[in-house]
Amino acid sequence: MKYYLTTPIYYVNAAPHLGTAYSTFAADLIKRFKKMEGYDPVVLTTGSDEHSLKVERAATAAGVNPLAYTTKMAAEFISQWAKLGIDYDHFIRTSDPKHHETVRWLFERCQKNGYIYKGSYTGAYCVSDEAYVNDVAPGEPCPQCGRPTETVTEENYFFKLSAFQKPLLELYEKNPSFVKPDHRRNEMIAFVQQGLNDLSITRTSLQWGIPAPVEAHHIFYVWFDALISYMSAVKADDLWPADLHLIGKDILRFHAVYWPAFLMAAELPLPKQVFAHGWILHEDNKMSKSRGNVVRPGPIVDVVGADALRYFLLREITFGQDGSFSYDALIQRYNSDLANGLGNLASRTLTLIHQNRNGIIPDSPGAPEIAEAARRTTELTMDAFCDFNFSRGLETLWSFISVIDKFIVERAPWKLGKDSSSFAQKMLDETLYSAAEALRIVCAWVYPVMPNSARNIWIQLGMKTPIESITFADLHWGKLQAGQKIGSIAAVFPRLDASAIVKMENLEVQEKARQAELFGTAKPAVAAAAVDGASKISIDDFVKVDLRVGQVVSAERVKGADKLLHMKVDIGEEEPRTIVAGIAESYPPEEMMGRKVVIVANLQPRKLRGIESNGMIVAASLDGGKPVLAGFLKDVPVGAKLK
């Protein structure tokens, strides 16, 4: 029985970061897990979403045509997925001619069935989100991302989404597992119940994209185009419908509302499930190029390896919810769970077999209590992984590792080895076999999460069958063959110290510069610019910045954000300004009360954690990112302008 799953089709206007890697790691895990379950074939599609206004503009800014630009960007994704060990089957580019054929074919099916009509549209459009925005006045920011919208007026072809309110609600009711987790399904039900507006699915102002099979110049709008890539990737292989679309929560509406409606209109099978996971937060926000808080996976992999990063993200974050990333947490989890946990169990078990049985697996049925613990661990881990609760499954496995560690300590095989009595030697055989068989079972379960490390331990254990071919039927207790010779022993997870963080941070700076050059956004070197005066500004530029003396009249921490303070600051206006600043780690709220600070008063407002910040506090940024507030040696009046 086949199993077909997909990652999102990633935008090519930004290089892979930890968020995109997270989606792809999870998909890779699910593919390997489904193979262990016995599905065949198991096929994974990923790819690049290349047709959009922002890509067209990025290519123009880089001085190349869109196809050349997207080819370079798609190659970056392919290179990164290879570095991260992603076992995908198809990399579909929306610029691929076979995809173009599928898009036109599906459009014509919808048109034939009466769900396409010509009309015109005037309204706000968000270039960043590639979405028309309702209830927004010209020039107002997008309610999703906060960036300015553009007003467009053009002739379009529309899809009758309004006709699918009832069918979609029936779909959610009859098939509750269509959208997971459950709270995301409830969001989609509420969205559809409010009523659906017809969708514009073509644009006449674009040049870069798939031409629609209609009169005049019409280019398919990105979401009608991109979603169909899941089908075009496997159309020749008879694998549709998809069993799983794995996506981030920010694109759920397109996959759980628009996509099934398109397929219903075309009278085609629907995907079986859409699972929306949460975001990885860094510096208290979703990672994004515009925020400048992106962490790239490559530098981390260069220091700790791809498997350690995979394990951290899938163990640390409950799949379906948001989770935070920090280098400190990564190193702590690596040392506690991998170096001291699985790595230590493997090294200790194999070394004891080598020292006491000349590297030969002893003949014993093993300890009954460990056999039962292994059976229960497999049962619980299976339930967790089937439910995509990878964090709980890994927690179960590491609890079993703790049970084995305790068992080894209590049995003390280093003492049994010195006792030549038959009872002691039988106990030693039972102890060593139990530890080795438990390691085999743990190793097989860990394989979907950390394939390279699991394979390494598997080979050290002397297993002849490739770990890639293991199924759950092989995880029954007692499958480890007595008389099997173990392989060469080597540390799989050497301990790391704080220097690993410094290495990752330094490599991150280098990788950021490389990607900036790749994407044509690299800035000239400061030293070179200073020589020719390019980095200098005129006095006219400087006087545009309105710096004022402000006094903090209230301050409190922003809930769920360790670094942010929510303050009211008096700068001599009728009402104090609301300002959100990332200074909480250095300045607790009580220290800010009554303090005079320097404020940039004429910045455009910006929302942080749902709070509109109307200004910025001036501070120096020291090594490590700690802020030091600018202040005054003498008393100055509130509202005074700095010159």
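Rules and cut-offs
Residues numbered from 1 in each chain as written. Predicted model: local features only at pLDDT ≥ 70, side-chain atom pairs only at ≥ 80, totals over all residues. Heavy atoms only, no water. Helix = DSSP H or I, 4+ residues; strand = E, 2+ residues; numbered from the N terminus. Buried < 20%, exposed > 50% of the residue type's maximum accessible area, 1.4 Å probe, protein only. Polar contact = N/O pair within 3.5 Å; in protein donor to acceptor, adjacent residues only side chain to side chain. Contact = heavy atoms within 4.5 Å. Salt bridge = Lys/Arg side-chain N within 4 Å of Asp/Glu carboxyl O. Core = buried A, V, L, I, M, F, W, Y, C linked by side-chain atoms within 4.5 Å. Pairing = 2+ DSSP bridges. Disulfide = S-S within 2.5 Å. Arc of directions from axis to C-beta. Phe/Tyr/Trp six-rings, centres within 6.5 Å; stacked < 30°, edge-to-face > 60°. Axes fitted to C-alpha atoms, helices over the stretch in contact; angles between N-to-C directions. Parallel < 35°, antiparallel > 145°, perpendicular 65-115°, else oblique. Nonpolar A, V, L, I, M, F, W, Y, C, P; charged D, E, K, R; others polar. pLDDT = per-residue confidence, 0-100. Patch = residues over 30% accessible without salt bridge, like charges linked within 9 Å, V, L, I, M, F, W, Y side chains within 5 Å. Areas by Shrake-Rupley, 256 points an atom, 1.4 Å probe, with all protein chains shown as cover.

All right, on to the side chain of His51 then. Mapped onto the fold, His51 is located in the loop between β2 (42-49) and α2 (53-62). Taking relative accessible area as the criterion, His51 reaches 3% and is therefore assigned buried. Here the side chain of His51 touches Asp225 through a polar contact of 2.7 Å, side chain to side chain. The residues contacting His51, other than those within four sequence positions of it, are Thr94, Ser95, His100, Trp208, Gly209, Ile210, Val222 and Asp225.

Let's shift gears to the pattern of salt bridges. In the structure shown here, the tally under the stated rule is 30 salt bridges. Linking Glu150 and Arg57 is a salt bridge whose minimum nitrogen-to-oxygen distance equals 2.8 Å. In this pair, Glu150 sits in strand β6 (residues 150-159) while Arg57 sits in helix α2, placing the two residues 93 residues apart along the sequence. Judged by its relative accessible area of 29%, Glu150 falls in the partly exposed class. The partly exposed category is assigned to Arg57, whose relative accessible area is 39%.

Of all hydrophobic cores here, the largest spans 104 residues; its most connected members are Ile300, Leu313, Phe325, Leu342, Trp398, Trp445 and Met450. Counting residues per element, this core draws most heavily on helix α16 (residues 422-446), which supplies 14 residues. Core analysis: the second largest hydrophobic core is formed by 65 residues, Tyr4, Phe159, Phe224 and Met231 among them.

Right, let's get into the sheet that holds strand β17 (residues 565-570). Strand order in the open sheet formed by five strands is β18-β17-β16-β19-β22, and the pairing between neighbours is antiparallel. Two strands close off the open sheet at either side, each with one partner strand: β18 (577-581) and β22 (616-617).

Right, let's get into the state of the cysteines. Applying the stated criterion to the full structure yields zero disulfides. Cys386 provides the cysteine sulfur closest to Cys443, a residue in no disulfide bond, and the two sulfurs are 20 Å apart. A relative accessible area of 3% means that Cys443 is categorised as buried.

Below, the discussion takes up the sheet that holds strand β3 (residues 90-93). Spatially, β3-β2-β1-β11-β12-β7 is the arrangement adopted by the six strands of the open sheet, whose pairing is parallel. On the outer flanks of this sheet lie β3 and β7 (179-180), each paired with one strand and no other.

Another point: helix α5 (residues 165-174). Among the residues of α5, Leu168, Leu171 and Tyr172 are the ones counted as buried. In an axial view of α5, the angular spread of the buried residues amounts to 95 degrees, which keeps them on one side of the axis. For α5, exposure combined with an orientation more than 90 degrees from the buried face picks out Lys166, Glu173 and Lys174.

The next thing to look at is the packing of aromatic side chains. Counting across every chain of the model gives 34 aromatic pairs. Seen from their ring centres, Tyr4 and Trp240 are 6.5 Å apart, and the 70 degrees between their planes marks the pair as edge-to-face. Placement of Tyr4 in strand β1 (residues 3-11) and of Trp240 in the loop between α8 (229-232) and β11 (244-248) is noted, with a sequence separation of 236 residues between them. Judged by relative accessible area, which is 0%, Tyr4 ranks as buried. Taking the centre distance of 5.8 Å and the plane angle of 70 degrees together, the rings of Tyr22 and Phe319 count as edge-to-face.

Quick look at the packing of helix α13 (residues 368-386) against helix α14 (residues 390-411) now. With their axes 7 Å apart at the nearest point, α13 and α14 run at an angle of 170 degrees to one another. The angle between α13 and α14 places the two elements in the roughly antiparallel class. Between α13 and α14, the residues in contact are Glu369, Ile370, Ala373, Ala374, Thr377, Leu380, Thr381, Asp383, Ala384 and Phe385 and Phe390, Arg392, Gly393, Leu394, Thr396, Leu397, Phe400, Val403, Ile404, Phe407 and Arg411, respectively. A class-by-class count of the residues in the contact of α13 with α14 yields 13 nonpolar, four polar and four charged.

Our focus in this paragraph is the confidence of the model for the protein chain. Taken over all residues, the pLDDT of the protein chain has a mean of 90, while the share at 70 or more is 93%. In this model, residues 524-534 is a region of pLDDT below 50 whose contacts with residues beyond four sequence positions or in other chains number four contacts.

Before going further, it helps to examine the environment of Pro16. If you trace the backbone, Pro16 turns up in the loop between β1 and α1 (18-37). Judged by its relative accessible area of 0%, Pro16 is buried. Pro16 has contacts with Glu76, Phe77, Gln80, Trp81, Arg296, Pro297 and Gln515, leaving out every residue within four places of it along the chain.

Moving on, we get to a nonpolar patch on the surface. Taken together, the side chains of Ile539, Phe542 and Val543 define a hydrophobic patch exposed on the protein surface, amounting to about 300 Å² of accessible area. Along the polypeptide, Ile539 turns up in helix α20 (residues 539-542).

Time to look at unusual backbone geometry. Residue Lys180 is joined to Pro181 through a cis peptide bond whose omega torsion reads -5 degrees. Its place among the elements puts Pro181 in the loop between β7 and α6 (182-193). With omega at 10 degrees, the peptide bond leading from Trp240 into Pro241 counts as cis. When you line up the elements, Pro241 lands in the loop between α8 and β11. Positive phi outside glycine occurs at Ala216, with the angle close to 70 degrees. Within the secondary structure layout, Ala216 lies in the loop between β9 (202-203) and β10 (219-220). The class of Ala216 is exposed, set by a relative accessible area of 64%.

Time to look at the pairing of β2. Most of β2 sits inside the fold, with eight of its eight residues counted as buried. Looking at chain direction, β2 and β3 are connected through four bridges and run parallel. Looking at the pairing, Thr45 lines up with His90 of β3.

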